[in-house]
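Architecture and fold: a report
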Amino acid sequence: MSLVLRGVTKDYAGVGVLHGIDLEGRFGEVLAVVGANGAGKSTLIRILAGAQPMSAGEMRIDDEDVRLRSPHDAHRRGIRTVYQELTLVPGLSVTENLLMGDFPRRRGLIDWPAAHARAAALLESIGFGAIDPRTRAEHLTVARQQMVEIAKALVTEPRVLILDEPSAVLSGRDLDSLFALIRRLRERGVLVIYVSHRLAEVLDLADSIVVIKDGRVIETTEPARTSEDDLIRLMAGRKLEQIYPDRRPEPGEPRLEVSGLTRAGEFHDVSFTLRAGEVVGMFGLVGSGRSELARCVFGAEPAGAGSGAYGSPAEAIAAGLALVTEDRKRTGLVLGMSVRDNIALTTLEGPLIDLAGQRERIGGMIDRLGIRPEGCAPMAVEHLSGGNQQKAVLAKWLLKNPRVLLLDEPTRGVDMATRVEIYRIIDALARDGVAVLLISSDLTEVIGASDRVLVMAHGRIAGELRSDQTSEDEILAHSMGTLI
Amino acid sequence: MTAASPRLVLRGRDVTVEAISAAVVVLLVVVAATTSDTFLTSVNLTNLLKQMVTTGLLAFGMLVVILTGGIDLSVGSVVAFSGILAAGLSAGLPIPVAMVVGVAAGIAFGLVNGTLVARFGLAPFVVTLASLTTIRGLAFVYSEVPVTPSDPAFLTLGSAMIGPVPLITVIMAAVFVAGGVFLSRTPAGRSVIAIGGNAETVRLAGIDVRKHVILAYAISGACAGLAGVVLASRVGIAQPSVGVAFELDAIAACVIGGASLSGGRGSVRATFGGVLVLVLINNLLNLYGVQSFWQQVLKGLIIIVVILVRRK
């Protein structure tokens, strides 16, 4: 009674991503899959979900050879997948999203009260009763949408449920409901394949843990026989003694001076200075205007009043600025283009591009940042993992040798090992005299990786704190505007 | 060009769309050569080389616009307008000047299309649908009846030969070579492709998206203007009604060549392959004496088959 993969390999355009994955999941257990970004987890999920064919290898369910040709094929075999990306139809109600065409009818017409009741019963039965089935999906919070996604996967009572980072957007009670649900599913004999960066959760939930690195299974273990540190060491292939870099020396001359900057409805009268060689953290709750501020300084949106913002991205770049936006898929990358072409975007110089020189410069940057998999330059960037995509965005800007680097949530959805690499890159840049603004919702990161922290609340700078003299509580209090 | 040339996996191996187009072209040539006595005659081959010029020029211009994620439906009307303008002006102006003005008119229409799309954010389909009918109307306003250039020198461009190859075919080939270099080796060409993939990312990389979109439509307009002038010179008469539905052949050539209509993906060489496929089919069916309506049916079916084959 198990799902078995033997020698599964996958390559994209000749570049190997998976090199012979062996794993076994028994029905009625939680199998956790962990690994650094780029280890091949997402590709593995897509293969299990039938969304991508494997290049070689085999898959057996209950000792029967199975070849998945499509996600639909996987559904018929009882395999359901909940991806990180949400797939609900925004304009439809929760009920419609859940039942997807399979409505109760009365005299040929949809029986709406019965349909809503069925949806409500389903949500209730899996512990998500707090969601009103009549609500349109777009009006739900991201966390609730994620829960509906999970509910949708359970409508058909799957035997295998694959969850890709389900806890990334959940917190508090929602997270508790999810864990309770996973435990109930396990008792019902479902194989839950749980992919997460949150190792504490993994150790808490899983029956067995598979660690993937560079497209191979490097360890199969159990929570009782391992620890968070062990897992990190395995994923990274080395020991992480120190997550955040040492303190940097005193900063130099001002590189960016923003004064009284205002954009109606987004932020008001914002002033700050970034100096050469310092990393300034910026913390704020969602909607506090941080991303809008960065975009405005960079010239992507016009400013209403104040000084320090540039007129266009081209002007900002000419002045030595670089902006790594928070949403790499929508504003950081051209997903269908190769890694190389993406990185080249900021340094297209003519009349004729020197292709050999470009290849060499970009290859050097790929090596310097350790963008994986090996030899990924000609691969479409969409096939890279989140962390490596983020590094590709960074590479594009580092080629410009920026004097001021604006980073908006550079570690969102990035695993611990890659995060540490990104902190080291930021630190090295600052030591070289770059002024860095690090916008982040992660309190530990904001304190650990920066020299001082600007806190935004309701579109204003509500406080400025020295990183070595503040605490998470103090920053949080400022961000809620309670200390003004 | 790696990123811009679409690939597909056939029995586990990577095969470029370019290779498939080449194979289809070779197959068509072999079939034509073995089943028709007239195919390999110099008259027919010269004819073939001339026939591909119009579709070829339009297809390259169309490809550039399609790469940005747009479409240019106005090219057939531009062919008519530029041709009739050049033919009409040749009565009073030196012929080369008249022809350049004809091409310039095409560029001007392209600039208008591009500006409406890029600066005012209008949908390319709607903008160029409007200019399709506007420019067609302008061609008839200029002259309701076909214009025959009085000076026979007007026909030189369309009839001159360089060795065994018509001059206009050489011009078209030059456009494709220059176009290939433009898209693969120049910052503007790379930008055009990237814009079709994700315009916001390109804008934030400091590249002027509007300028490049306008440039793309101007290139399409220039190609259409040139095609119009060349066609008038080849046929020896400029008609306001010529060029109806030419845009469809141009789009078809791009699609057969693997271009994605949502932008960001397409190849110059494969598009040229698409042009050859279309022209060879037409020629072949003409040689067989198949009715032109059936040619249309077959062309449609071939497009569907090509897209089905390419589907993952």
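Residues numbered from 1 in each chain as written. Chains lettered and ligands numbered in written order. Predicted model: local features only at pLDDT ≥ 70, side-chain atom pairs only at ≥ 80, totals over all residues. Heavy atoms only, no water.

**Let's talk about the packing of helix α4 (residues 95-118) of chain B against helix α10 (residues 209-235) of chain B**
All names here are of chain B. Look at α4 against α10: their axes get within 6 Å of each other, and the N-to-C directions meet at 150°. It follows from the interaxial angle that α4 and α10 lie roughly antiparallel. The way α4 lies across α10 gives a crossing that is right-handed. Contacts between α4 and α10 involve Met99, Gly102, Val103, Gly106, Ile107, Gly110, Leu111, Asn113, Gly114, Thr115, Val117 and Ala118 from the first element and Arg210, Val213, Ile214, Tyr217, Ala218, Gly221, Ala222, Gly225, Leu226, Val229 and Ser233 from the second. (Axes fitted to C-alpha atoms, helices over the stretch in contact; angles between N-to-C directions. Helix = DSSP H or I, 4+ residues; strand = E, 2+ residues; numbered from the N terminus. Parallel < 35°, antiparallel > 145°, perpendicular 65-115°, else oblique. Left-handed = near helix turned anticlockwise from the far one by under 90°. Contact = heavy atoms within 4.5 Å.)

**Section: the sheet that holds strand β14 (residues 267-275) of chain A**
Residue and element names in this part refer to chain A. Taken in spatial order, the three strands line up as β14-β13-β16 in an open sheet, and their pairing is antiparallel. For this open sheet the edge positions go to β14 and β16 (305-307), each flanked by a neighbour on one side alone. For this sheet the average axis-to-axis angle between neighbouring strands, irrespective of direction, equals 5°. Pairing analysis gives two bridges linking strand β13 (residues 254-263) to β16, with the strands arranged antiparallel. When the sheet's bridge partners are listed, Thr262 is paired in β16 with Ala305. Sheet strands in contact with helix α9 (residues 290-297) are β13 and β14, and its direction is about 115° off that of β13. (Pairing = 2+ DSSP bridges.)

**Some thoughts on the pattern of salt bridges**
All names here are of chain A. Counted under the stated rule, the structure contains 33 salt bridges over all chains. The residue Arg263 makes a salt bridge to Glu266 at a minimum N-O spacing of 2.7 Å. Residue classification places Glu266 among the partly exposed positions, given a relative accessible area of 26%. In this structure, Glu421 and Arg372 form a salt bridge, with 3.3 Å as the shortest nitrogen-oxygen distance. Of this pair, Glu421 sits in helix α15 (residues 416-431) while Arg372 sits in the loop between α13 (355-369) and α14 (386-398), and the two are 49 residues apart along the sequence. Accessibility expressed as a relative area gives 27% for Arg372, which makes it partly exposed. (Salt bridge = Lys/Arg side-chain N within 4 Å of Asp/Glu carboxyl O. Buried < 20%, exposed > 50% of the residue type's maximum accessible area, 1.4 Å probe, protein only.)

**Some points on the confidence of the model for chain B**
Residue and element names in this part refer to chain B. Overall, the prediction assigns chain B a mean pLDDT of 90, with 94% of residues at 70 or greater. The spread of mean pLDDT over the elements of chain B runs between strand β1 (residues 7-10), the lowest at 40, and α4, the highest at 98. Predicted confidence for residues 1-14 stays below pLDDT 50, and this span has 36 contacts to residues more than four positions away or in other chains. Scoring of the predicted complex yields 0.76 for pTM and 0.84 for ipTM. (pLDDT = per-residue confidence, 0-100.)

**Looking at the side chain of Glu29(A)**
All names here are of chain A. Take Glu29: it is sitting in the loop between β2 (15-26) and β3 (30-35). Judged by relative accessible area, which is 3%, Glu29 ranks as buried. Separated by 3.0 Å, the side chains of Glu29 and Arg26 make a polar contact. Filtering out sequence-adjacent residues up to four positions away, Glu29 remains in contact with Glu24, Arg186, Val190, Leu191, Val192, Asp207 and Ser208. (Polar contact = N/O pair within 3.5 Å; in protein donor to acceptor, adjacent residues only side chain to side chain.)

**Overview of the pairing of strand β18 (residues 404-408) of chain A**
Residues and elements named next belong to chain A. Extensive coverage of β18 is indicated by the burial of five of its five residues. With burial as the criterion, each face of β18 is covered, one bearing Val404, Leu406 and Asp408 and the other bearing Leu405 and Leu407. Note: strand β17 (residues 321-324) against β18, four bridges, orientation parallel. Opposite Val324, over in β18, you have Leu407 as the bridge partner.

**Overview of helix α5 (residues 124-142) of chain B**
Residues and elements named next belong to chain B. Over its 19 residues, α5 extends 26 Å from the first C-alpha to the last, a length consistent with the 27 Å expected when each residue adds 1.5 Å. The set of residues buried in α5 consists of Pro124, Val127, Thr128, Ser131, Ile135, Arg136 and Ala139. Axial view of α5: buried residues confined to an arc of 160°, hence all on one face. In α5, those exposed residues whose orientation departs by more than 90 degrees from the buried face are Val126, Thr133 and Val141. Packing partners of the buried residues in α5 comprise α3 (75-89), α4 and α10. (Expected span 1.5 Å × (residues − 1). Arc of directions from axis to C-beta.)

**Comments concerning the interface of chain B and chain A**
In many analyses, interface size is given as the accessible surface area lost on bringing the parts together. With 22 residues of chain B at the contact, the number on the chain A side is 31 residues. For the pair chain B and chain A, the two sides together bury roughly 2000 Å², of which 61% comes from carbon and sulfur. The three residues of chain B that bury the most area against chain A are Arg185(B), Thr201(B) and Leu204(B), which together make up 30% of that side's buried surface. One salt bridge in this structure joins Arg295(A) and Glu200(B), with 3.2 Å as the shortest N-O distance. For the pair chain B and chain A, the number of links is eleven residue pairs in polar contact (both at pLDDT 80 or more). The set of elements that each furnish at least two residues to the side of chain B that touches chain A consists of α7 (167-185), α8 (187-197) and α9 (199-204) of chain B. With six residues, the single largest contributor to the side of chain B that touches chain A is α8(B). Taken together, the residues of the side of chain B that touches chain A sort by class into nine nonpolar, seven polar and six charged. (Buried area = accessible area lost by both parts, 1.4 Å probe. Nonpolar A, V, L, I, M, F, W, Y, C, P; charged D, E, K, R; others polar.)

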